[in-house]
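Secondary and tertiary structure notes
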Amino acid sequence: METVEVLDCRGQRCPLPVIRLARRLPEVAVGTVLRVLADDPAAANDIPAWCRMRGQEFVGPTAVGDTPAYDVRRTT
Amino acid sequence: MPYLPTPGTTVLRVGVTGVYLDAATAAPPHPVAREALLAALADGWADPARLYTQARRARQLLDAARAATAETLGVRPDEVSFTASGTTAAHAAVLGGLAGRRRAGSVLVHSAIEHSAVLHAARRHEAAGGSAVSVPVDRLGRLDLDAWSAAVAAPGVALAALISASHEVGTVQPVAAAARACADAGVPLYVDAAQSVGRVPLPDGWSVLTASAHKWGGPPGVGVLVVRKGTRWESPYPEDERESGRTPGVLDLPAVVAAAAALRAVAAGATAEAARLSALVDRIRSTVAATVPDVEVVGDPVDRLPHLVTFSCLYVDGEALLHALDRRGFAVSSGSSCTSSTLRPSHVLEAMGVLSHGNVRVSLHRDTTEAEVTRFLAELPEVVATLRTEAGVTDL
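Residue numbers run consecutively from 1 along every chain, following the written order of its sequence. Ligands are numbered from 1 and chains lettered from A, in the order in which they are written. Selection of residues for local features in this predicted model requires a pLDDT of at least 70, selection of side-chain atom pairs for listing and counting requires 80 or more, and totals for whole chains, interfaces and linings are taken over all residues. The basis for every side-chain value is the complete set of non-hydrogen atoms in the structure, without hydrogens or water.

Before going further, it helps to spend a moment on the overall build of chain A. Numbering of helices and strands runs from the N terminus; a helix is a DSSP stretch of H or I covering at least four residues, while a strand is a stretch of E covering at least two. Secondary structure summary: chain A contains two helices and four strands in total. Secondary structure elements of chain A, listed N to C terminal, follow the sequence β-α-β-α-β-β. In terms of overall dimensions, chain A has a C-alpha envelope of 30 × 25 × 20 Å along the principal axes. Every one of the 76 residues in chain A was classed for burial, and the buried ones make up 46%. Burial status follows relative accessibility: with a 1.4 Å probe on protein chains alone, a residue under 20% of its type maximum counts as buried, one over 50% as exposed, and anything between as partly exposed.

Once that is clear, we can look at helix 5 (residues 145-153) of chain B. Residues and elements named next belong to chain B. Regarding helix 5, the residues found buried are W148, A151 and V152. The buried residues of helix 5 occupy an angular sector of 90 degrees when the element is viewed end-on, so they sit on one face. Pointing more than 90 degrees away from the buried face of helix 5 are the exposed residues D146, A150 and A153. Note on definitions: a residue-residue contact is assigned when non-hydrogen atoms from the two residues lie within 4.5 Å. Considering only its buried residues, helix 5 is in contact with strand 3 (107-111), strand 4 (131-135), strand 5 (157-163), helix 6 (175-185) and strand 6 (189-192). Working definition: the arc comes from the directions between the helix axis and the C-beta atoms, pointing outward to the latter.

This part covers unusual backbone geometry. Look at the link from A:C14 to A:P15: it is a cis peptide, with omega at 5 degrees. The topology assignment puts A:P15 in the loop between strand 1 (4-8) and helix 1 (16-24). Phi at B:S244 takes a positive value of approximately 55 degrees, unusual for a residue other than glycine. With respect to the helices and strands, the residue B:S244 is situated in the loop between strand 8 (223-227) and helix 7 (253-268). Taking relative accessible area as the criterion, B:S244 reaches 56% and is therefore assigned exposed. A positive phi angle is found at B:Y315, which is not glycine, with a value near 70 degrees.

Below, the discussion takes up the interface of chain B and chain A. The partner chain A presents 17 residues to the 24 residues of chain B that form the contact. For the pairing of chain B and chain A, the buried interface totals around 1700 Å² over both sides, and the portion due to carbon and sulfur atoms is 56%. Ranking the residues of chain B by area buried against chain A places B:Y315, B:H357 and B:L396 at the top, with a combined share of 30%. Salt bridge criterion: a side-chain nitrogen from Lys or Arg within 4 Å of a carboxyl oxygen from Asp or Glu. One can count three salt bridges joining chain B with chain A. Across the pair B:E296 and A:R52 runs a salt bridge whose closest N-O atoms are separated by 2.7 Å. Nitrogen and oxygen atoms within 3.5 Å of one another constitute a polar contact, given that in protein one can donate a hydrogen and the other can accept it, and given that sequence-neighbouring residues count only through two side-chain atoms. Run the count over chain B and chain A and you get nine residue pairs in polar contact (both at pLDDT 80 or more). Those elements that provide at least two residues to the side of chain B that touches chain A are strand 9 (295-298) and helix 10 (347-352) of chain B. Using a 1.4 Å probe, buried area is obtained as the accessible area two parts lose upon being combined, added over both of them.

The positions UniProt marks with the feature "domain: Aminotransferase class V" (unreviewed entry) are residues 19-376 of chain B. Across residues 19-376 of chain B, the secondary structure splits into 40% helix and 15% strand, with the terminal C-alpha atoms separated by 8 Å. UniProt positions are given in the numbering used here, feature names are shortened, and annotations may be inferred rather than shown by experiment.

Attention now moves to the sheet that holds strand 4 of chain B. Residues and elements named next belong to chain B. Strand pairing follows a simple DSSP-based rule, namely that at least 2 bridges must link the two strands. Pairing is mixed across the open sheet formed by seven strands, whose spatial order is 2-8-7-6-5-3-4. Of all the strands in the sheet, just strand 2 (80-83) and strand 4 have a single pairing partner and so form its edges. Here the average twist between neighbouring strands, direction ignored, is 20 degrees. Across five bridges, strand 3 lies against strand 4 in parallel orientation. Across the sheet, the residue bridging to V109 is V133, located in strand 4. Whenever a helix is involved, its axis is fitted only over the stretch in contact; in every case the axis is a line through C-alpha atoms, and angles between N-to-C directions fall within 0 to 180 degrees. Strands in contact with helix 3 (residues 86-100) are strand 2, strand 3, strand 5, strand 6, strand 7 (208-212) and strand 8; relative to strand 7, the strand with the most contacts, it is inclined by about 165 degrees. The sheet strands contacting helix 4 (residues 116-127) are strand 3, strand 4, strand 5 and strand 6, and the helix crosses strand 3 at an angle near 155 degrees.

Set out below in C-alpha cells:
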C-alpha cells in the first residue's frame, strides 16, 4: 500500500483547494499520493487541470464518506 | 420613486467611458438599430394582424424585417419567425423539434457545450419522460465527431442540437460533418448560431437554427427561429396564430425592425470586421500567454470565432478578477464558479477539462478599438499580479 496523505479542504471555495494543494504537494515525498477532500464543485475540474499544468499525476476521483476527494501523486 | 428616463432629465450613461469587452453577452446597439427603433416606434406600434391602415403599416414593417432577415440568413421569409429572445427561440427549437418527431423517438442528442438555454430545454424534455445524450468535446472544445455520429445513428433519436461555435471559448464546431452524420441517420439538426450570425458565414445542412439580436447589435428581446421547409416541427406552446404558429403573442415590432436593420448592416461589413477583430484576438491570445504567468488561454487558436477569447489565471478568484477589472473600467465575463449563481463552474470549461477558476472571457465588437485592447493588455498583468499578492500565492 502506497503512502496516502490527506488534505482537508472541506468548506473551501475555489480557488482555495487548488492553492492548498499547490502549497502542500511539494512538502510530501515524490511518489506519495495526496488525497484532497473538497466539496467545492469546481475542484472536480480544477484539480485535474492543475495536475496537467504542473506535470503532476492525477490518480483519480474518490470519496471519503460523503465528501468527494481527489488523489494526486507527486511525480517531480 | 423608481427612476425612469424621460425627456428633459439627464440619463446616467453608465459605462460609456469604460472599455466594454462582453459583446458575446450583448453587443452595444448598432447606430442603424437606434434609428430604425425610433422610426418603428412612431410607425409600427399597431397590431400587424388587424385590418386597418395603422395595422397594415405595421404589417409592412414586419414583412420587411422578415424579408431582410431571411435574405441575410440565406433562407425563405416564411421559414423565419421572430421570438421574444434568443432563449425562447432555443427553447422552441428544441422542444418543437422533439414534439414534431415524437413518432420517431424521444431521444435528444446534443453537444456537451450547448448554451444553457438548450440544456435547460433538454432537462425539461427529460422531466417529461424523454431522454438526452450529451456528446463530449476535446481539450480545445471541439465536438467528438465519432461519438456524435454513433449517438445520432442510435435508435429513437428525434433531434440533434449543436452550437455553431462555442459562446464561451470561441471554438468553431464541425457543423457540416455533424450534419452529414445526421442526414445519414435521418435526424434533423438544430444549430444555435447566436455567436455566428452577423459575424461569420453560416454552415449548411441544418433543419432548425436560432439566433439572438442583441448579440449582433440589435436591441435585446428579439430572437430568431428558422425552421426549414419540410422539417417536422410542432409548436410546444398553446395554439396561437402569430408568426406562422411558431411564436405565441404579439411581438415587440419596433425592436424586431431594429434587429433586422442592424443585422443587414453588420452582415454587409462582416468579412472586414471579422478580419479586424480576429487580428485583435490573436494579439490578446499571444500577449496574455506571454505577459501573465501561469495562465491557460483556452479554445482553438485558429478555428475559432473572430471576436472571442477566453483564458484562466491559476490561483486567482474569478469574481475578484472581474471586480478588479471593472474598477479599471473593463467589462468582461467569466465562467468561474464563484461568478455563477449556482456556484458551479461553466459546463463548457468542465467539458473541455480546462482550468475554470480565474476565468475571463473577452469578446469584441464593432466599437472596440485597437487602443482599448492595448490598454487592457497593458493593465491585465498588474491586475492579476495584485490579486495573487493579496491572496499570498506568488510563491506557488
